[in-house]
Amino acid sequence: ILSLGRDVTAIENIKNKYRRSTYWFFPTIILLGVLLGAVLYGYPYFTKGYQSQIHEKLELRNQLARDYFLLKSLLITPFSNMDKQRTSKIMAEFFSTLTPDHLPYAGILLLNQEKKVFDAYISDAAVDVSKIIGSSYTGIEFIPVQNSSHYLLSLYRVTKHNPMGKKCTEVAFKLQSKEGFLGWLVFQMKMNFIEDKYGVKEQDLKEWEFKN
């Protein structure tokens, strides 16, 4: 009798465990189904936002590439002839074609072989360009980007609103003519603007690739 009692108790315990597992099984299946449905329903929206962000970054990268090749083709000859009047006109005309509200550059500079500023154009009219021309970049590290033709520069500029120095990020490309190396074309990036509009940060500039 005692033996049969133990067997019945064991069977009842198994039944109770089964009932408890059944009690949680169906709600769990329903919950998983709801979550799966939400993922399948929301996936296009999530991926759309992600793809849109990638597209915006690619748009800026392509614009920088186009602007570099355009300015390179226009500046090579006057720069090699040290024709500052002509280079200044070309850079001013280049900026006049860009919409101010969509301008990703604070300015562009031409550096000679010794990394001294030969010519410059700054979009901010309050900046005295004459103080920039002749200044040297020799103390600034030109960091080469792997598998790319561009270099990344990080420096601090003293401005009216930032007497202790404001961090600036710039992208530099070498300028070559048939005679050889001429100097550098430098784009001063408006980091706050391009991060807000394109989602581009300094790390993205490090990962981009440009080919000559």
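Up top you'll find the structure we're talking about.
Residues numbered from 1 in each chain as written. Predicted model: local features only at pLDDT ≥ 70, side-chain atom pairs only at ≥ 80, totals over all residues. Heavy atoms only, no water.

Observations concerning the pairing of strand β4 (residues 150-157)
Line of reasoning, step 1. Both strand β3 (residues 143-144) and β4 contribute to a ladder of two bridges, which runs antiparallel. Considered in β4, the bridge of Pro144 is made with Tyr151.
Line of reasoning, step 2. Counting the residues in the hairpin turn of β3 and β4 gives five residues, including Asn147, whose phi is positive at 60°. (Pairing = 2+ DSSP bridges. Helix = DSSP H or I, 4+ residues; strand = E, 2+ residues; numbered from the N terminus.)

Some thoughts on unusual backbone geometry
Line of reasoning, step 1. Phi is positive for Met82, which is not a glycine, with a value near 55°.
Line of reasoning, step 2. Even without being a glycine, Lys115 presents a positive backbone phi close to 65°.

Section: a nonpolar patch on the surface
Line of reasoning, step 1. On the surface, Ile29, Leu31, Leu32 and Leu35 cluster together to form a nonpolar patch covering roughly 390 Å² of accessible area.
Line of reasoning, step 2. Mapped onto the elements, Leu32 comes out in helix α1 (residues 2-80). (Patch = residues over 30% accessible without salt bridge, like charges linked within 9 Å, V, L, I, M, F, W, Y side chains within 5 Å. Areas by Shrake-Rupley, 256 points an atom, 1.4 Å probe, with all protein chains shown as cover. Salt bridge = Lys/Arg side-chain N within 4 Å of Asp/Glu carboxyl O.)

Looking at the pattern of salt bridges
Line of reasoning, step 1. Evaluated as defined, the whole model comprises four salt bridges.
Line of reasoning, step 2. For Lys57, the salt bridge identified is with Asp204, shortest N-O distance 3.3 Å. Taken together, the residues span a long stretch of sequence, with Lys57 in helix α1 and Asp204 in helix α5 (residues 202-207) at a distance of 147 residues.
Line of reasoning, step 3. With a relative accessible area of 22%, Lys57 lands in the partly exposed category.
Line of reasoning, step 4. In this structure, Glu202 and Lys167 form a salt bridge, with 3.4 Å as the shortest nitrogen-oxygen distance. Of the two residues, Glu202 sits in helix α5 while Lys167 sits in strand β5 (residues 166-177), which places them 35 residues apart along the sequence.
Line of reasoning, step 5. Connected via shared salt-bridge partners are Lys167, Glu202 and Lys206. (Buried < 20%, exposed > 50% of the residue type's maximum accessible area, 1.4 Å probe, protein only.)

Here we look at the side chain of Thr87
Line of reasoning, step 1. Locating Thr87 in the fold gives a position in helix α2 (residues 84-96).
Line of reasoning, step 2. With residues up to four places along the chain from it excluded, the contact list for Thr87 reads Leu75, Pro78, Phe79, Leu110, Phe118 and Asp119. (Contact = heavy atoms within 4.5 Å.)

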